[in-house]
Amino acid sequence: MPVAGPSRSATSEATCEDCGRAFEAKRSTARFCSTTCRSRAARARKAAAESTDADQAAGKVEHELVKAVRAELVKAGADQSFSGQLALQLARKIANPDETGVTALSKELRTVMAAALAHVAPPAPGPDGGAGGDGAEDDEVTSARRAREAKLAAAGQAADRA
């Protein structure tokens, strides 16, 4: 008695969810025509999940800092400017507890917000990666950093003498 070989399932015509091209689906659950389209769709889903709009649609509450920055930018009409969008991104990074360097980001946010609200381009980063400028305006962070560096330099010189 002959044994039947593996049966070929009937292929069906399907439309790729990513590119919209028609393709021969080997399975009834096939959604994409290729690995490229499947990967592209997965990356797009991931990016959408990370965006603020997706967070709001999912019922997640926007952090108060981001809300305040957005409200101030909208009030000034600068929410769609480059500086305004940069300020929103900095606020999101500061609000994200997984990120480090909040102090430096806070200083940069102040600089970018001032530029956005004044409708001017933010200053180029200085040699230390922070906001540029003449250094005349020392805030608490910069003062503390300079005091720490001076203390470390003095300790290094004392160690060299010993």
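Structure first, text after, so check above.
Small disclaimer: the values here were computed from a predicted structure and weren't measured. (Residues numbered from 1 in each chain as written. Predicted model: local features only at pLDDT ≥ 70, side-chain atom pairs only at ≥ 80, totals over all residues. Heavy atoms only, no water.)

Draft legend 1. Region of the structure containing the overall build of the protein chain. The secondary structure content of the protein chain amounts to six helices and two strands. In sequence order, the protein chain lays out its α and β elements as β-β-α-α-α-α-α-α. Per-residue burial over the protein chain gives 21% buried out of 162 residues. The long-range fraction of contacts in the protein chain, counting pairs at least 24 apart against all pairs at least 6 apart in sequence, stands at 28%. Carbon together with sulfur atoms contributes 55% to the accessible area of the protein chain, which is approximately 11,900 Å² in total. (Helix = DSSP H or I, 4+ residues; strand = E, 2+ residues; numbered from the N terminus. Buried < 20%, exposed > 50% of the residue type's maximum accessible area, 1.4 Å probe, protein only. Contact = heavy atoms within 4.5 Å. Areas by Shrake-Rupley, 256 points an atom, 1.4 Å probe, with all protein chains shown as cover.)

Draft legend 2. Up close: the pairing of strand β2 (residues 22-25). Strand direction decides the pairing type here: strand β1 (residues 12-15) and β2, joined by four bridges, are antiparallel. The residue bridging Thr15 from the neighbouring strand is Ala22, located in β2. (Pairing = 2+ DSSP bridges.)

Draft legend 3. Here's a closer look at the pattern of salt bridges. Enumeration over the complete set of coordinates arrives at three salt bridges. The shortest N-O distance in the salt bridge between Arg31 and Glu17 comes to 3.1 Å. With Arg31 in the loop between β2 and α1 (35-50) and Glu17 in the loop between β1 and β2, this residue pair connects regions lying 14 residues apart in the sequence. For Glu17, a relative accessible area of 52% translates into the label exposed. The residue Asp18 makes a salt bridge to Arg40 at a minimum N-O spacing of 2.5 Å. Placement of Asp18 in the loop between β1 and β2 and of Arg40 in helix α1 is noted, with a sequence separation of 22 residues between them. (Salt bridge = Lys/Arg side-chain N within 4 Å of Asp/Glu carboxyl O.)

Draft legend 4. Geometry of the state of the cysteines. Evaluation of the coordinates by the stated rule reveals zero disulfides. Not engaged in a disulfide, the cysteine Cys19 finds its nearest cysteine sulfur in Cys16; these two sulfurs lie 3.6 Å apart. Assessed through its relative accessible area of 34%, Cys19 is described here as partly exposed. (Disulfide = S-S within 2.5 Å.)

Draft legend 5. Molecular detail of the packing of helix α3 (residues 64-76) against helix α4 (residues 82-95). Where α3 meets α4, the closest approach of the two axes is 8 Å, and the angle between their N-to-C directions is 165°. As the angle between them shows, α3 and α4 are arranged roughly antiparallel. Crossing geometry of α3 relative to α4 is assigned as right-handed. In contact with Leu65, Val66, Val69, Arg70 and Leu73 of α3, α4 contributes Gly84, Ala87, Leu88, Ala91, Arg92, Ile94 and Ala95. (Axes fitted to C-alpha atoms, helices over the stretch in contact; angles between N-to-C directions. Parallel < 35°, antiparallel > 145°, perpendicular 65-115°, else oblique. Left-handed = near helix turned anticlockwise from the far one by under 90°.)

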